[in-house]
Amino acid sequence: MTADGIRQVFREAYGHNPEVVGIAPGRINLIGEHTDYNDGFVFPAAIDRGLLIAASISEPSTQTFSVQIGNGEPFDVNSVKPGFSDSWSKYVAGMGWSIIDRAEDKLPNLKIAVDSSIPIGSGVSSSAALELACGVVWNFLAKLVLDNRELARLGQFCENRFVGVNSGIMDQMASAMGREGHAMFLDTRTLTIEYASVPDGLTVVLCDTKKERALTSSAYNERRSQCEMASQFLGVKKLRDADMKLLDATKKHIPEVVYRRARHVITENARCVAFKSALAQGDLNLVGTLMRESHQSLRYDYEVSCDELDSMAESAWAAPGCVGARMTGAGFGGACVALVKTEKLSQFIESTLHIYNLASGLAGEAMSCRIVDGARLLEA
Ligand code: GLA
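Everything in this summary refers to the structure shown in the same document. It should be emphasised that the depicted structure is a prediction, and the values quoted were computed from it without experimental measurement.

### A short note on the overall build of the chain
Part 1 of the reasoning: Per the secondary structure count, the chain includes 11 helices and 13 strands.
Part 2 of the reasoning: By the compact-globule yardstick of 21 Å for 380 residues, the chain fits well, its C-alpha radius of gyration being 21 Å.
Part 3 of the reasoning: Across its three principal directions, the C-alpha atoms of the chain cover 60 × 50 × 40 Å.
Part 4 of the reasoning: Evaluated residue by residue, the chain yields a buried proportion of 59% over its 380 residues.
Part 5 of the reasoning: Taken as a whole, the chain presents about 15,100 Å² of accessible surface, with 48% of it coming from carbon and sulfur.

### As for the sheet that holds strand β4 (residues 63–66)
Part 1 of the reasoning: Strand order across the open sheet formed by six strands is β5-β4-β6-β3-β1-β13, with mixed pairing between neighbours. The two strands at the open ends of the sheet, each matched to only one other strand, are β5 (70–71) and β13 (376–379).
Part 2 of the reasoning: Two strands pair when backbone bridges link them, and strand β1 (residues 20–29) and β13 are joined in this way by three bridges, in the antiparallel orientation. Across the sheet, the residue bridging to Val21 is Glu379, located in β13.
Part 3 of the reasoning: This element, helix α1 (residues 3–14), spans β1, β3 (44–57), β4, β6 (110–116) and β13 of the sheet and lies at about 130° to β6.

### Some points on the pairing of strand β8 (residues 192–197)
Consecutive side chains along a regular strand alternate between the two faces of the sheet.
Part 1 of the reasoning: The sheet contact formed by strand β7 (residues 182–187) and β8 spans six bridges and is antiparallel. Residue pairing across strands places Phe185 opposite Glu194, the latter belonging to β8.
Part 2 of the reasoning: Between β7 and β8, which pair antiparallel one after the other, the connecting turn spans four residues, and Leu191 there sits at a positive phi close to 60°.

### Points about the site of the ligand
Part 1 of the reasoning: Close to the ligand lie Arg27, Glu33, His34, Asp36, Tyr37, Ser167, Gly168, Met170, Asp171, Tyr220, Gly329 and Ala330.
Part 2 of the reasoning: One of the side-chain nitrogen or oxygen atoms of Arg27 is found 3.1 Å away from an oxygen atom of the ligand.
Part 3 of the reasoning: Between the ligand and the protein, one listed contact pairs an oxygen atom with a backbone N or O atom of Gly168 at 3.0 Å.
Part 4 of the reasoning: When the ligand is considered free in solution it has 310 Å² of accessible area, and contact with the protein chains removes 92% of it.

### A word on the packing of helix α4 (residues 148–163) against helix α5 (residues 170–177)
Part 1 of the reasoning: It is at 8 Å that the axes of α4 and α5 come closest, and there the two elements cross at 150°. Put simply, α4 runs roughly antiparallel to α5. Between α4 and α5 lies a crossing whose hand is right-handed. For the pair α4 and α5, the contacting residues are Asn148, Arg149, Ala152, Gly155, Gln156 and Glu159 in the first and Gln172, Met173, Ala176 and Met177 in the second.
Part 2 of the reasoning: Of the residues contributing to the contact of α4 with α5, the split by class is four nonpolar, four polar and two charged.

Criteria and cut-off values
Residues numbered from 1 in each chain as written. Predicted model: local features only at pLDDT ≥ 70, side-chain atom pairs only at ≥ 80, totals over all residues. Heavy atoms only, no water. Helix = DSSP H or I, 4+ residues; strand = E, 2+ residues; numbered from the N terminus. Rg over C-alpha atoms; globule rule 2.2 N^0.38 Å. Buried < 20%, exposed > 50% of the residue type's maximum accessible area, 1.4 Å probe, protein only. Areas by Shrake-Rupley, 256 points an atom, 1.4 Å probe, with all protein chains shown as cover. Pairing = 2+ DSSP bridges. Contact = heavy atoms within 4.5 Å. Axes fitted to C-alpha atoms, helices over the stretch in contact; angles between N-to-C directions. Near = heavy atom within 4 Å. Polar contact = N/O pair within 3.5 Å; in protein donor to acceptor, adjacent residues only side chain to side chain. Parallel < 35°, antiparallel > 145°, perpendicular 65-115°, else oblique. Left-handed = near helix turned anticlockwise from the far one by under 90°. Nonpolar A, V, L, I, M, F, W, Y, C, P; charged D, E, K, R; others polar.

In structure tokens, the structure reads:
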């Protein structure tokens, strides 16, 4: 859909033109999984599966319409509280609730229409994109001067305090700060970004298992508490500050499962740093090895993979043109990300989906992705 398309959707839903139109992308993550809430390193990129938004100020309540899901529950942004609803509009409400403190007075209520091309349940951050899309239009219509980094922080605040998922900041930063043609090496402690161009001749492919993610928020929050427990055992602020020497020296005092969770985070941080150099040097063998090791570590140490993700990763590894592949996002279903030699793209997709289907009985889907810019207004 285009800016004109979402304007048209808005007109049909509300009977007049919107004041503003914006866009926020979904993301893939090349490497650095479950490291962000440990103050570690991640390597995401914003993709051309995104969410268009059209909005206008409208009192006395905020109304929401999604092309994919229909109407969300309305609310007054100045009185809404966490726990308000299970409707998809909780992300809109949560973003407004998070922004209120930055407004001098009240925040205006909005009419909002959204259209998303981000597959839901595939682990490519449809919720962060919705938060950022709402962030950019509220920022404009309420005449605030928040930059995209700040909107990303507020998106994470919304997720943690309003929605109730203790997520890190990777998804919101990727949707906010993406840059066309570049992945971003992000230090989640300082929020500094080193943009890294994806080498010519390689394409990012999202290999969706079509197994919807399940049980994510409880299992996710559990992993996060295990990491916090590990930090306490090791006497460090966050696992970012630990290394394998320290972990192994403390091994006999730590529950076995907590040891494995910490080992994943410590080795994944190191892999993310090594990946940055390997990509810059065009060492594609190392890029592939690191992605495979990341998947195995998520599978055996962190235990956030599932049979379908394992089958998809194995199918991709065996396919022509595959440089590297691994599960991406929180896990427990969703998608793998693969870096593929562009000249072999169609063979890669055909072979991966065929082998995956034989192994799992499921019809997966593979989409090549362009890497795009982050959230912004398209028209005001
Ligand atoms: C989800 C969270 C992110 C990150 C990933 C795992 O996408 O929202 O903050 O923790 O899982 O890397």
